[in-house]
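A structural walkthrough
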Amino acid sequence: MSGLLLLMAFFIHGVPYFQNSYPRRWIFGATTSVLIFLLGYILAGAQIKSNSRQMINEAGEIFSAIIIRPPEEKDKSFKLIIQIRKMKEDNHWKTVNQKCLVYCEKNRLPFVPEYGDLILFHAGIKRVDPPMNPDQFDYRKYLQNQGVTIQCYIRSADIVLLKKNRGNPIISFSLRIRNFLKQILVKNGIKGEEFAVLSAILLGDSRNLDAELRQAYAATGATHILCVSGLHVGVIYLIISRLLQFLERRKRDRIVRTVILFGVIWLYAFITGCSPSVLRATAMFTFILFGKLMERHTSVFNSIAASAIFLLCIDPLMILNLGFQLSYMAVLGIVLFQPGLSSVIMISGKFFRAIWDLVTVSVAAQIGTFPLVLYYFHQFPTYFLVTNLVVIPLSSLIIYLGILLFAVSWIPWVIFAVSYGLNFLVKIMNGTIRLIDHIPGSVVKDISISTTDMILFLVLTASLFVFFQQRNRIVFLLSLLSILLILVSRTFQKYLFQTQSKVVVYHVPKTSIQATLLSDECLISGTWTDDKLSQMNTQSHHISSWIRHKQYHLPHGRKPICIIRQFRNLRYMEVKAGFHLEPLNIKSPLSVDFILISGPIRRLDDCLVLFDTRQVVLAPSLNRREAARIAVDAEKRGIKCHNVSTEGAFVKEDILPRLH
């Protein structure tokens, strides 16, 4: 199919009938876009195929590898991304090239791992686990898009540092600069939350942010402040360009000015970790710089498209990065909708006009990104306008003061005043974010939209923009069709979930959690001690299943060892612990759809004496040895066995009536 489309594209490009006819001019552009898309698809497919090559040896081998990303420190371990270069197999070193996710034991580790360290270690390599619950975040796919398909755990006694500074010298240089700038913040009394926020805003290092503060920024629609993006690159560009205004008279001076600006913004991109949003902004400013140098005024849409193509040629899988998607959609929203929104109300006065521009920029960015926000995060910040009115000016001032702090770090009395003001502004911004977050209704949660809905919302947004620009009747009909399809899709989904009826046994380590889903209601039962862990494993499924009402049934007091649960046409038995019966003379065992075993039992036959079933489900609360023994017993008796710990969540739908 791809080859056929490529041939069609080349045919259309080569025939003058399509090139010279004005009414058919759109065909040339459309086929060019298809050609670029297909080339990208081929490149991405080739990269995914190369990433899927895995070397699995859980028994353990000796490996030589380089740490290719700055380590992330956890409570008990270091999280590393390494590039395995060699593997010792049968007393011979074999050359390999594979990225691996590593958790390295922190206690008694003989060295502190850093980017570029060449290490030798012994560990068992295994695949990254797929999602074990329905609609759960696919961490395996997320890592695979970054070229990581295997993982391992290294004990501190099984790792040795061979050499340091063996990584990319440019990245090593940028990390050294970033660490140097972070030390300037620390030396001037900036610590705690203020240090974490400043590291994220100025240097692109958000590893020190705690979960509570990060969630507050997300709930108020200010997450973009914590990610170095076009705003930050734009401020850097503006400052340096104004400082170099004297280099605009002669062409030679303009070349020098362009080279300096180019070097500064790309150095800043490297210092901040080369995130997709920074690369996008840096690439855009690069095209603008060279356009000005050649005295040509380029279209902003061309700059956006050129920067995207440039980045995707370097890494085709970057298009799957959420930051890349949100960044480009926000920019497109601002470029497309902000001028129209700004002209709705004509405001005089620079101050009020600046406030109105902030409002329209915020609204335009939200218009561009809201389908992706709903799809990925299942929530929408209702007070994003209020947040951005306060946060954007504050963050801009913080960026200016932060750059000034680094510039005057050698002047004692000046740096004291600047650091004090910077610390104060960050405290005000964090306090404002928390205040808005605690306002009732600050965020609408548990919003579920499908992939089809998201695409239709994007089509609707684009068609509305084109209609307001050109007043085209066909485009207006397309927008109406998009609205109709969205309503049909949402109505059909609501009908499906209003008629849902099923029992789910979730995969939550060392626990037994079952949920009965009926229409938009959910009854959760079982035993668990970690509410955050249980919500992390079940919440996505409840949101995508349109669950609006939850009830929890937790046992109190004496716990029964056996429970019969009846749910419409479904009937199952849960064995909790210590189930053992002497042989009884029972003529007709009770028929159940499955037996859920969540505690140790002596024999499977003890359950089969009273209950007739063709399936056994083993809860994650069972230890591995006990689950293996029961699975063997079930196989001997020809009974299906589903081990939730290894096979993922068990889902049983109530479809057919019970046959007695």
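Residues numbered from 1 in each chain as written. Predicted model: local features only at pLDDT ≥ 70, side-chain atom pairs only at ≥ 80, totals over all residues. Heavy atoms only, no water.

With that settled, the discussion passes to the overall build of the protein. Scanning the protein for helices and strands turns up 22 helices and 21 strands. Taken over 660 residues, the protein has a buried fraction of 44%. Considering only contacts in the protein between residues 6 or more positions apart, those separated by 24 or more positions represent 66%. Surface summary for the protein: the accessible area is close to 36,500 Å², and the carbon and sulfur share equals 62%. (Helix = DSSP H or I, 4+ residues; strand = E, 2+ residues; numbered from the N terminus. Buried < 20%, exposed > 50% of the residue type's maximum accessible area, 1.4 Å probe, protein only. Contact = heavy atoms within 4.5 Å. Areas by Shrake-Rupley, 256 points an atom, 1.4 Å probe, with all protein chains shown as cover.)

So, about the pairing of strand β6 (residues 148–154). Most of β6 is tucked away, with six of its seven residues classed as buried. Alignment of strand β4 (residues 92–105) against β6, held across six bridges, turns out to be parallel. Following the sheet pairing, C100 is matched in β6 by I150. When strand β5 (residues 118–127) meets β6, the two strands line up antiparallel, connected through two bridges. (Pairing = 2+ DSSP bridges.)

Counted under the stated rule, the structure contains zero disulfides. No disulfide involves C104; its sulfur sits 8.9 Å from that of C152, the nearest cysteine. The exposure class assigned to C104 is buried, which follows from its relative accessible area of 1%. (Disulfide = S-S within 2.5 Å.)

Our next topic: the nonpolar core. When a protein is soluble and globular, its nonpolar side chains tend to lie buried together. Residues V197, L198, Y217 and M429 are the most contacted members of the largest nonpolar core, which totals 38 residues. For this core, the secondary structure elements donating two or more residues are α5 (169–187), α6 (192–203), α7 (211–219), α8 (223–226), α15 (384–407) and α16 (412–437). Each residue touching M429, except ones within four places of it in the same chain, is listed here: V197, I201, Y217, I225, V391, L394, S395 and I398. Within the second largest apolar cluster, 24 residues are counted, among which are I236, Y237, V278 and A281. (Core = buried A, V, L, I, M, F, W, Y, C linked by side-chain atoms within 4.5 Å.)

Mapped onto the secondary structure, T387 falls in helix α15. What makes T387 buried here is its relative accessible area of 0%. Separated by 3.0 Å, the side chain of T387 and the backbone oxygen of Y383 make a polar contact. Not counting residues up to four positions away in its chain, the partners in contact with T387 are T220, A222, I433 and I436. (Polar contact = N/O pair within 3.5 Å; in protein donor to acceptor, adjacent residues only side chain to side chain.)

This part is about the environment of S479. Mapped onto the fold, S479 is located in helix α18 (residues 473–498). In this structure, the C-alpha to C-alpha distance between S479 and S463, residues 16 residues apart in sequence, is 5.5 Å. The contacts of S479, once residues within four sequence positions are left out, are L460, S463 and L464.

This part is about the environment of T511. By secondary structure assignment, the location of T511 is in the loop between β10 (501–506) and β11 (512–518). When the C-alpha positions of T511 and G526 are compared, they lie 7.8 Å apart, and in sequence the two are 15 residues distant. Within the structure, T511 has its side chain in polar contact with the backbone oxygen of V508 (distance 2.8 Å).

We now examine helix α13 (residues 322–342). Counting along an α-helix, one turn takes 3.6 residues, and residues three or four places apart therefore face a common direction. With 21 residues, α13 should reach 30 Å at 1.5 Å per residue; the first-to-last C-alpha distance of 28 Å fits that figure. The sharpest bend along α13 measures roughly 35 degrees and falls at L336, with the proline P339 sitting one to four residues further on. Within α13, burial applies to F324, Q325, S327, Y328, A330, V331, G333, L336, F337, Q338 and S342. (Expected span 1.5 Å × (residues − 1). Bend = angle between axes of the 7 residues up to and from the residue.)

Okay, the sheet that holds strand β14 (residues 562–567) next. Strand order in the open sheet formed by five strands is β14-β15-β17-β19-β20, and the pairing between neighbours is mixed. Each edge of the open sheet is held by one strand with a lone partner, namely β14 and β20 (640–643). Ignoring which end each strand starts from, the neighbouring axes of this sheet average 20 degrees apart. Pairing of β14 with strand β15 (residues 570–575), which is carried by six bridges, proceeds in the antiparallel orientation. For R565, the partnering residue across the bridge sits in β15 and is Y572. Packed on one face of the sheet, helix α21 (residues 624–636) meets β17 (594–597), β19 (615–618) and β20 and runs near 175 degrees to β19. (Axes fitted to C-alpha atoms, helices over the stretch in contact; angles between N-to-C directions.)

On to a nonpolar patch on the surface, then. A cluster of nonpolar residues, I455, V459, L478, L481, L484, L485 and V488, forms a patch on the protein surface that exposes about 570 Å² of accessible area. Of all the elements in the fold, those that place two or more residues in the nonpolar patch are α17 (451–470) and α18. Tallying contributions element by element places α18 first for the nonpolar patch, with five residues. Exposure remark for L478: the relative accessible area of 38% places this residue in the partly exposed category. (Patch = residues over 30% accessible without salt bridge, like charges linked within 9 Å, V, L, I, M, F, W, Y side chains within 5 Å. Salt bridge = Lys/Arg side-chain N within 4 Å of Asp/Glu carboxyl O.)

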